[in-house]
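Structural features, examined
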Amino acid sequence: MNLPLDPDFVRQQQLAWSRRTFLGKSAQALGALALGSLMNPRLLAGGAAQPDSRWPGIMGSPQFPPRAKRVIHLYMAGGPSHLDLFDPKPELNRIHGQPFPSSFTSGQQLAQLQNTKLLARGSTFGFTRCGLSGQMISDLLPYTQQIADDICIIRSMHTEQINHDPAHAFMNAGSMVKGRPSMGSWLLYGLGAETENLPGYVVLMSRGPSGGEQPVSARQWSAGFLPSRFQGVQFQSTGMPVHYVGNPDGVCQSTQRQVIDEIARLNGFHEEETLDPEVQTRLAQYELAFKMQTSVPDLTDLSEEPASIREMYGVKELGDGSFASNCLVARRLAERGVRFIQLYHRGWDQHSNLDVDLKEVCHRVDQASAALITDLKQRGMLEDTLVLWGGEFGRTPMGQGTGRDHHINAFSLWMAGGGIRGGVTWGSTDELGYRYVEDGQDMHVHDLHATMLASFGIDHEKLIYRFQGRDFRLTDVHGRVAKGLFA
Amino acid sequence: MRDLPAYLGHFHPLWVHLPIGIFILLGTLEVAGLLRRIRVFSGMPALSPGLRTLILSIGAGVAVLAALLGWLLAHSGDYDPAVVRTHQWLGIASAAAALLLLAVHRVRWLYAPCLAGFLVLLTLAGHAGGKISHGNDYLTARMPLDLRRAFGVPVPVVRPPPTDTDHAIAYRDVIQPVLDERCTSCHGASKSNGGLRLDSWDALAKGGKDGPVLNLANLSASELLRRVDLPQEEKGHMPPLGKPQLADDDLTLLEWWMSAGASPDKAVAVLGAPALVGEILDTRIGGKAPERPPYRGATLVHSARIAAKLGILIRSMSPDGPWIDVNARPLGKEFGDAQLAQLAQIAPAIAWLDLGGTSVTDEGLGPVEAMHWLQRLHLDGTKISDKGLERLAHLRRIEYLNLRGTAVTDNGLLALHSMSRLRSIYVWQTAVTPEAVNALGEAVIDRRRIARWKADKEDLERRIEEEHFDGNTGGSLRLDAAQPTAAVPPK
């Protein structure tokens, strides 16, 4: 994966661009040069020996009015059932147990239900109109019902991949092909992070009830062909998030600093010889690790969180690996300037025993999800934090024994903050919840990515990386910004 | 064809410049001919008698036509006959004089003085016409004071411009200018439709021939307000459809002034202005003209230097504007008043400022005071108190203010009542009460304007409803012979 790139590819591009503009109009060029140096302080400094670990992002000025500054992605891995959570279908309940109309399914790709007799399966759970907006939310999510006016439920999601791993890849990177950067990596590449003391892209994992758990591979937060300094860093959900972050006995911080400076100097020679950008990544990692020696203990010191906050999230024991604990850590990461925070919660793959297992997994995430929104809101952070809640696909309106199979033609997720209008239900599905309706509010994963980037002020068609002779984007050649979602 | 005279009459202002040009050119050529007698000008061309006759003939012809068109315009009903009388007779005299000139131009001794006199007459007629179109004092309105004194032009009574909003006299400094701008062209000295003049307080208080326009007993029921608030297409709406309308801000000011008692001489501070009115007053009175946005190039140069020096994050916020987003939060307590002071140079360009968790204090807020374009301000977790908020009260563009976990109280929020664009405030973990927050909301949201928008919306919806078209090419009730002639159609 680490193909030799042009040594300082980005830096050179900035230089070339500044020079060209400078010849055009001196006043404008001065601004452009300044912008260039805003993005890369070394541009004007003339290459200082000390490597600057801060990546300023390549995007410069935003193309749209920026709203969001960070993302918290509550990733419900496994495929939550939209039909039981956010998309009530009375018609499906009515034909429960009857053969599913073949006009919907003929010629369609199914996962495990292929070549079986298809029976409609209604939802056994009630829905309630919530808040002033009257959004319909399942009674399985009583806490989420209370934040109905803050969230925008998207019912018209659809994807292209029907099995977990490729579907995760599609949701993260907009492609099932290996080696593509995930959206967190794209954001870091485009904007950099606000903090130098923590990774800009952090991943935390929590588990569902036993059963219904599919593994999530580390490639989901890979930087793909982007320099690997932009990849997600998985923190441990239990105990210390990062192992071996303390100093060994007898080594103090100043000694540590000297060691790292010396290593950086030696690595600098190596970089001059080989022109390998991964040396830069290595330097940045040393620097980051050094800073994390103080920032990580501070991050996990949850003792400063009052009991009322812990109660609101439903945290039983700090750092116990629960989704609730992870949500609290996510908020603390967001406060510290981490750009992209992804909390995977495994256990949404209810092929069977749905009525019991779905209830259990909802119970595990509902309170903390709503608490995160409430907490961000009272801190004034929801306005510039984009929260995404959802999985990689939905579940079939056809029953699979006591559960539902994977479904790609329709699923629901919700977004909140980052300039997204709360209390809005966006898009719809047909009367059986089988397929999204093409009404201009339909939302492909590419559209979701384009919309997410737009909330950062980025035109998804402008965030480009050239690799192996081709220009790549998160949205490839697709993507449509759902402008109506923004307030 | 009834409109034909008026239609032709409207060509008068265009056509009238033609004879003026022709005769001035003729005069110039004649002077050139005279100058030939002096040696240095001997190369000047002379006007041949034939050419002179031709020019005079064309000139007299177009002059007569201009006078004719002028006559049609004067009687088209668009002008008050009293106002145009002088110009009318001067114009007709000019046309007659042009014919006379044509008749006598072969008599050498008579021609020169006649031409000179005619040009004077023409100038006077033209000037009288200009006064109708542009106003009596058009030429001298902008005359510098020194020139006025030198030429004996009366020096106008200049009212001292109010230095600040609080001391401005509401009627004199904002209300009358609105009336002057939009109303007095029809309700003024030269034209007073309905017997109503709105060019002075006395006239305003007196009303028109149909009664008073100010109902001093119940100001909100005043005819003046009713007329301007009527839907545009309603009969009686003022200004009439097609004329420049009162702006939203004009209406807000007018309503505020009326509700405050329609006083002719009270100062703004005495009347008390809510946030939105205060903002409009500031821009109108000019004491605090909207601050000019800074330059992008210079801002980015300074930003780069400051960001590198302080280790803070500065981001450009738009592809072409100078606005920047400054984030000092990552520095935490290391960022204090001394560091904040270094932002002074880029202060006017800062749109978003995050000072959350830093060690800035009330005393160090000086640079923030100069951030006139600030929209978002994070002060959460700082030592800012009510005193600091008072220093920020004039930042009227702020939309988002985060004060979580600070020492601010209800008193501090009172200072924010002037932030008319404030839409979110965060005061969790402070001593601020919900009542104070609600009061702030009431102060910054202008309910009356919302009510007006609602009325406008209803009006628009009604108009959308009304925009339908029924095409009817005839119908028939003929029953088909095959169908049973049942009184009730079968279901």
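Residues numbered from 1 in each chain as written. Chains lettered and ligands numbered in written order. Predicted model: local features only at pLDDT ≥ 70, side-chain atom pairs only at ≥ 80, totals over all residues.

With that settled, the discussion passes to the overall build of chain B. Summing up its helical and strand segments, chain B has 20 helices and six strands in all. Looking at chain B as a whole, 31% of its 491 residues are labelled buried. (Helix = DSSP H or I, 4+ residues; strand = E, 2+ residues; numbered from the N terminus. Buried ≥ 20, exposed ≤ 12 C-beta atoms within 10 Å, placed from the backbone.)

When you go through chain A residue by residue, the secondary structure sums to 15 helices and 15 strands. Across the 487 residues that make up chain A, the buried fraction comes to 54%. A sequence separation of at least 24 residues applies to 75% of the contacts in chain A between residues at least 6 apart. (Contact = placed C-beta atoms within 7 Å.)

Strand β10 (residues 403-407) of chain A sits mainly inside the fold: five of its five residues count as buried. With antiparallel pairing between neighbouring strands as the criterion, strand β9 (residues 394-400) of chain A and β10(A) make up a hairpin whose turn holds two residues, including A:Gly401 at a positive phi of roughly 65°. (Pairing = 2+ DSSP bridges.)

Another aspect to go through is the packing of helix α13 (residues 323-335) of chain A against helix α14 (residues 354-378) of chain A. Helix-helix packing is characterised by the crossing angle of the two axes and by the distance between the axes. Residue and element names in this part refer to chain A. One can describe the packing of α13 onto α14 by two numbers: an axis separation of 8 Å at closest approach and a directional angle of 20°. Relative to α14, the element α13 is oriented roughly parallel. In this structure, the crossing between α13 and α14 has a hand that is right-handed. Residues Phe 323, Ala 324, Cys 327, Ala 330 and Arg 331 of α13 lie in contact with α14, whose contacting residues are Arg 364, Val 365, Gln 367, Ala 368, Ser 369, Ala 371, Leu 372, Asp 375 and Leu 376. (Axes fitted to C-alpha atoms, helices over the stretch in contact; angles between N-to-C directions. Parallel < 35°, antiparallel > 145°, perpendicular 65-115°, else oblique. Left-handed = near helix turned anticlockwise from the far one by under 90°.)

The next thing to look at is unusual backbone geometry. Residues B:Met238 and B:Pro239 are joined by a peptide bond in cis, for which omega reads -10°. Residue position: B:Pro239 is located in the loop between α10 (223-229) and α11 (248-259). In this model, A:Gln468 sits at a positive phi of 50°, which is unusual for a non-glycine residue. Looking at the secondary structure, you find A:Gln468 in the loop between β14 (465-467) and β15 (470-472). Despite not being glycine, B:Ala262 has its phi angle at roughly 45°, a positive value. Locating B:Ala262 in the fold gives a position in the loop between α11 and α12 (268-271).

Attention now moves to the packing of α11(B) against helix α13 (residues 275-285) of chain B. Residues and elements named next belong to chain B. Look at α11 against α13: their axes get within 10 Å of each other, and the N-to-C directions meet at 115°. Seen from above, α11 lies across α13 with left-handed handedness. Two secondary-structure elements touch here, α11 through Asp 249, Thr 252, Leu 253 and Trp 256 and α13 through Leu 276, Val 277 and Ile 280. Its residues assigned to classes, the contact of α11 with α13 comprises five nonpolar, one polar and one charged. (Nonpolar A, V, L, I, M, F, W, Y, C, P; charged D, E, K, R; others polar.)

Think of an α-helix as turning once every 3.6 residues; residues three or four places apart then point the same way. All names here are of chain A. The buried count for helix α9 (residues 183-191) comes to nine of nine residues, which makes it a mostly enclosed element. Buried residues of α9: Met 183, Gly 184, Ser 185, Trp 186, Leu 187, Leu 188, Tyr 189, Gly 190 and Leu 191, and no others. Against the buried residues of α9 lie β1 (70-77), α8 (164-173), β5 (201-206), β7 (340-346), α15 (445-455) and β14.

Here the focus is the confidence of the model for chain A. All names here are of chain A. Residues with a pLDDT of 70 or more make up 88% of chain A, whose mean pLDDT is 87. Averaged pLDDT values for the elements of chain A fall to 44 in helix α3 (residues 42-45) and rise to 98 in strand β8 (residues 385-390). Considering only residues more than four positions removed or in separate chains, one finds that residues 1-5, a stretch of pLDDT under 50, has five contacts. Segment residues 13-23 is flagged for pLDDT under 50; beyond a separation of four residues in sequence, or across chains, it makes 13 contacts in the model. (pLDDT = per-residue confidence, 0-100.)

Glancing now at the environment of A:Phe125. Mapped onto the fold, A:Phe125 is located in the loop between α6 (102-105) and β2 (127-130). Each C-alpha atom of the pair A:Phe125 and A:Leu275 lies 60 Å from the other, and the pair is 150 residues apart in sequence.

Take the domain arrangement of chain B next. Residue and element names in this part refer to chain B. Structurally, chain B comprises domain 1 (4-149), domain 2 (165-285) and domain 3 (296-444). For domain 2 and domain 3, the distance between their C-alpha centroids amounts to 38 Å. Listed per partner, the contact involves five residues of domain 2 and seven residues of domain 3. Its residues assigned to classes, the side of domain 2 that touches domain 3 comprises three nonpolar, one polar and one charged. (Domains from an automatic or database assignment.)

This part takes up the environment of B:Pro19. All names here are of chain B. Inspection of the secondary structure assignment puts Pro 19 in helix α3 (residues 17-35). Pro 19 sits 227 residues away from Leu 246 along the chain, and the two C-alpha atoms are 40 Å apart. Residues in contact with Pro 19, not counting those within four places in the same chain, are Gly 59, Val 62, Ala 63, Ala 66 and Ala 98.

Residue and element names in this part refer to chain B. Read across the open sheet, the six strands follow the order β1-β2-β3-β4-β5-β6; overall the sheet is mixed. Of all strands in the sheet, those with a lone pairing partner are β1 (313-316) and β6 (424-426), marking the two edges. Taking the axes of each pair of neighbouring strands and ignoring which way they run, one obtains an average angle of 10° across the sheet. Against the sheet, helix α14 (residues 296-310) contacts β1 and β2 (324-327), and its axis sits at roughly 160° relative to β1.

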